[in-house]
Amino acid sequence: MKYLSVKEAADNWGMTARRVQILCNEARIAGAQRVGNVWTIPENAEKPIDARKKIIPKTIPHNNSITIERIWAMPNKHTFEIKPIHDLISEEATEGFWIDPFANRNKLATITNDLSTEFDTDYHLDALDFLKLFDTNSVDGVLYDPPYSPRQVSECYNDVGYNVTWDTTKASFWGNHKKEISRIVKIGGKVITFGWNSGGIGNKYGFEIQRILLVPHGGWHNDTICTVEIKTHNAELEITNGENSMINYSQFTTHTKEDEKLISIIKSLPCDFWDFKDSDTREYTHGIHSYPAMMVCPISRNIISIVKKVKEIDTLFDPFSGSGTVLVEGMLANIPTIYGNDLNPLALLLSKVKTTPLDSSALQNECNKIIELINIKYSSNAEYFDNVDEYMKNSLHLDLTSKEGWGISANEYLDQYFENQGSKMSVPSFNNLGYWFKPRVILLLQLIKESIEETKDSSIRDFAFIAFSETIRLVSNRRNGEFKMFRMPPNKVYDFNPDVIKEFSIILKRNIEKMNSFSEAIDDKGNISNVHIFNNDATSLNEVPDSAADLIITSPPYGDSRTTVAYGEYSRLSLLWHGNDTTTHKEIIDIDKKLMGGHKYRNGFTYDIPSNTLRQSLEKIKDIDIERTGDVYSFYTDLEKSISAVATKTKSKGYQFWVVGNRTVKGENLKTDIIIKEIASKYNLDYIYTIDRNICNKVMPAQNSPTNEIGNKANTMTNEHIVILRKL
């Protein structure tokens, strides 16, 4: 039997070679056989039935109805290979001259193009240059599957070694294509557009939507949206300077005038402006009490100053307020309404104390009374406090450096001592009290606590307790420079005999000076700020008013507490000693479980976060450690919920500044700044700009364990990123 080539069969049947090739691929030509990469067709084969819609006549009526379909399919980076999409193209790509400016490996159009030379296409041009090759009203159809976002545009250009410019990542990238497509497509011609929206080419460019296919892919994957349009009229294009018709692209610019001004101010600053290497980051009440990963105050101070040059700020909000840095700066900037939020009870108390100006005279008098009372109580019974260590070692034969005995049963042994001395002192009762404190330290801390509790003014009492909290850290057996619960080695515990009262007195005096300077600064500005502090989960923020904040400044945790900064562990001893009525012992122990990433995914998870950057990182981590993958996913799940909640609390056109660091897990750097950008678009937020800064003085541990393995340490991050978003 004689066989024909695809071209010969196409000539015999009056079809295009491209269409015959497709029919062979779909097994719709009887007897056709593939020899290598070439199809051969029996000479006597019957012309196949095309079974497609014919092109619409030249006079096209306006369409008043749109066919909308929804067909689920697995995701595939090769869009045209997704079955319902492939079927749509087969039905809609009618006879005629079709082009594909982003063909990739697809060969469904008459003429194909792709920027990458990796693919076997007719041209390897920028899509805009490719579209300009064709004469006006010369094309019957276009398969238009461009990158779906600015990030994808950047990746597309970077992959082939092209520089990414401002023009290639703003909305006019797509607008220029639409202009050219409108020019070259005939009246009655068709365009099938693929993306994350159903905008298509648009009526402005002469097109009417006929059909929309939604292809969901499960979970929180973005749908692929296929829009079929017919050109019904010529576009009304603006003529500029007597040259060729062109669109006024200003309507496509995502940045507002305020955005442009904001970016301009930021770009005009010196490259090391945001490092604040020589700045005093502990002035005013910022210097009261340490706190892990505390945002340095000049960051929020300068953000507020810059944004004020662009718009008024009536309400400031920090959903992860920690020790209150942003709130204090908001007061110093005289912002009328300030909201703070945190889950950690110690952070809430710190924020309250730092943002409550106190009269300097009253503060000094009350604190003098506390110190005087402590000294009187100590002096009247010094032997009672000073002999307790020797009693435990000599009378009860206890090893004060051991976790067993004294370490786990301190309360039992102290009760014996109190009975022996005829004392009624009551000390906190919690697990491993003796492991973290020596006997004399415990009694002196209790002496200070009882003296503070006699203060009637609640604001000054809270102020004094913050000095007490700092003292607890310094006189405990915890290792210096650690935010997690690690104890000194036994030999150091043995020799450790801190002067508890002296330490408290020094801290209290320093804090008084800090508060006085803050109160004076606030008085000078008129003190109009009204501060509200909430104890909400940042993934919901139920008590914070909706659409309230003009400006968000926040620094969320960089990862889950278990493997990064354990805020709960850091606060645990202070909270256990404080013993307030609102927080139970179990709640204090479980703080880190309630913070970002506290939920454990032990049985796997279904990925549903709208970030391809995160997805790629998780794929790499799971090949090394599946459990750590769940930890990372848990954190970013909570981060996405927080972004959603914060967006709800932001006013329209309000700005958000997210100060983040990109941590490393199992050798994979997690690009949180990019991940936030990708998530933001889902929640009505526009990405504006990212500021990169070197970390010179942020309170962070010098090393951590990126592999979460004992002894395997690495230096912590040395830079962070300030991601700027704006609510639409």
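Before reading on, note that the structure itself is shown above.
Note that the coordinates shown come from a computational prediction; the quantities given were computed from them, not determined experimentally.

## Observations regarding the packing of helix H11 (residues 360–380) against helix H16 (residues 439–453)
- Orientation of H11 relative to H16, taken along the N-to-C sense of each, is 135°, at an axis distance of 9 Å. In terms of orientation, H11 lies oblique with respect to H16. Classified by chirality, the crossing of H16 by H11 is right-handed. Of the residues in H16, those touching H11 at Ile 370, Leu 373, Ile 374, Lys 377 and Tyr 378 are Arg 440, Leu 444, Leu 447, Ile 448, Glu 450, Ser 451 and Ile 452.

## Quick look at the side chain of Ser 469
- As for its placement among the helices and strands, Ser 469 is situated in helix H17 (residues 458–475).
- Of the polar contacts made by the side chain of Ser 469, one reaches the side chain of His 289; its length is 2.7 Å.
- Excluding its chain neighbours within four sequence positions, the residues that come into contact with Ser 469 are His 289, Leu 346 and Ser 574.

## Structural notes on the side chain of Thr 650
- With respect to the helices and strands, the residue Thr 650 is situated in strand E17 (residues 650–660).
- Beyond its immediate sequence surroundings of up to four residues, Thr 650 is in contact with Ser 547, Ala 548, Ala 549, Ile 552, Gln 656 and Lys 727.

## Looking at the sheet that holds strand E7 (residues 139–144)
- If you trace the seven strands from one edge of the open sheet to the other, you get E4-E9-E10-E8-E7-E5-E6, paired in mixed fashion. Here the strands that pair on one side only, and so sit at the sheet edges, are strand E4 (67–70) and strand E6 (111–112).
- Pairing between strand E5 (residues 98–100) and E6: two bridges, direction parallel. Bridge pairing in E6 links Ile 99 to Ile 111.
- Taken strand by strand, helix H3 (residues 83–92) contacts E5, E7, strand E8 (185–195), strand E9 (207–215) and strand E10 (224–231), and its axis lies near 150° from that of E9.

## Regarding the pattern of salt bridges
- Applying the stated criterion across every chain yields a total of 31 salt bridges.
- Between Glu 619 and Lys 622 there is a salt bridge, and its shortest N-O distance comes to 3.5 Å. Here Glu 619 and its partner Lys 622 are both found in helix H23 (residues 612–622), three residues apart, which amounts to about one turn of the helix.
- Residue classification places Lys 622 among the partly exposed positions, given a relative accessible area of 35%.
- Its salt-bridge partner being Asp 623, residue Lys 622 comes within 3.6 Å of it at the nearest N-O pair.
- For Asp 623, a relative accessible area of 61% puts it in the exposed group.
- Via salt bridges that share partners, Glu 69, Glu 91, Glu 92, Lys 190 and Arg 211 belong to a single interconnected network.

## What to know about the nonpolar core
- Ranked by internal contacts, the top residues of the largest apolar core, which has 106 residues, are Met 392, Phe 437, Leu 443, Phe 463 and Leu 551.
- At ten residues, the largest contribution of residues to this core is made by helix H19 (residues 500–525).
- Met 392 has contacts with His 397, Leu 398, Leu 400, Trp 406, Tyr 413, Leu 414, Tyr 417 and Pro 439, leaving out every residue within four places of it along the chain.
- Of all hydrophobic cores here, the second largest spans 37 residues; its members include Phe 320, Val 544, Val 632 and Ile 643.

## Observations regarding a negative patch on the surface
- A cluster of like negative charges, contributed by Asp 359, Glu 520, Asp 523 and Asp 524, occupies part of the molecular surface.
- In this structure, Asp 523 sits in helix H19.
- Judged by relative accessible area, which is 56%, Asp 523 ranks as exposed.

## As for helix H25 (residues 672–680)
- In terms of residue burial, H25 counts as a mostly covered element, since seven of its nine residues are buried.
- For H25, every residue scored as buried is listed here: Thr 672, Asp 673, Ile 675, Ile 676, Glu 678, Ile 679 and Ala 680.

## Re the packing of H23 against H25
- Orientation of H23 relative to H25, taken along the N-to-C sense of each, is 130°, at an axis distance of 8 Å. With respect to each other, H23 and H25 are oriented oblique. Contact residues: Asn 612, Thr 613 and Leu 614 in H23; Ile 674, Ile 675 and Glu 678 in H25.
- When the residues that make up the contact of H23 with H25 are grouped by side-chain class, the tally is three nonpolar, two polar and one charged.

## So, the packing of aromatic side chains
- All told, the structure shown has 26 aromatic pairs when counted by the stated rule.
- Taken together, a centroid distance of 5.0 Å and an interplanar angle of 50° make the contact between Phe 80 and Phe 194 tilted. Of this pair, Phe 80 sits in the loop between E4 and H3 while Phe 194 sits in strand E8, placing them 114 residues apart in sequence. The same class applies to Phe 80 and to Phe 194, which are both buried.
- Of the aromatic side chains, those joined through ring pairs into one cluster are Tyr 378, Tyr 384, Phe 385, Tyr 391 and Tyr 417.
- Residue placement shows Lys 403 over the ring face of Tyr 435; its charged tip is 5.5 Å from the ring centre.

Parameters and conventions
- Residues numbered from 1 in each chain as written.
- Predicted model: local features only at pLDDT ≥ 70, side-chain atom pairs only at ≥ 80, totals over all residues.
- Heavy atoms only, no water.
- Axes fitted to C-alpha atoms, helices over the stretch in contact; angles between N-to-C directions.
- Helix = DSSP H or I, 4+ residues; strand = E, 2+ residues; numbered from the N terminus.
- Parallel < 35°, antiparallel > 145°, perpendicular 65-115°, else oblique.
- Left-handed = near helix turned anticlockwise from the far one by under 90°.
- Contact = heavy atoms within 4.5 Å.
- Polar contact = N/O pair within 3.5 Å; in protein donor to acceptor, adjacent residues only side chain to side chain.
- Pairing = 2+ DSSP bridges.
- Salt bridge = Lys/Arg side-chain N within 4 Å of Asp/Glu carboxyl O.
- Buried < 20%, exposed > 50% of the residue type's maximum accessible area, 1.4 Å probe, protein only.
- Core = buried A, V, L, I, M, F, W, Y, C linked by side-chain atoms within 4.5 Å.
- Patch = residues over 30% accessible without salt bridge, like charges linked within 9 Å, V, L, I, M, F, W, Y side chains within 5 Å.
- Areas by Shrake-Rupley, 256 points an atom, 1.4 Å probe, with all protein chains shown as cover.
- Lys, Arg positive; Asp, Glu negative; His and termini not counted.
- Charge placed at Lys NZ, Arg CZ, Asp CG, Glu CD.
- Nonpolar A, V, L, I, M, F, W, Y, C, P; charged D, E, K, R; others polar.
- Phe/Tyr/Trp six-rings, centres within 6.5 Å; stacked < 30°, edge-to-face > 60°.
- Lys NZ or Arg CZ within 6 Å of the ring centre and 35° of its normal.

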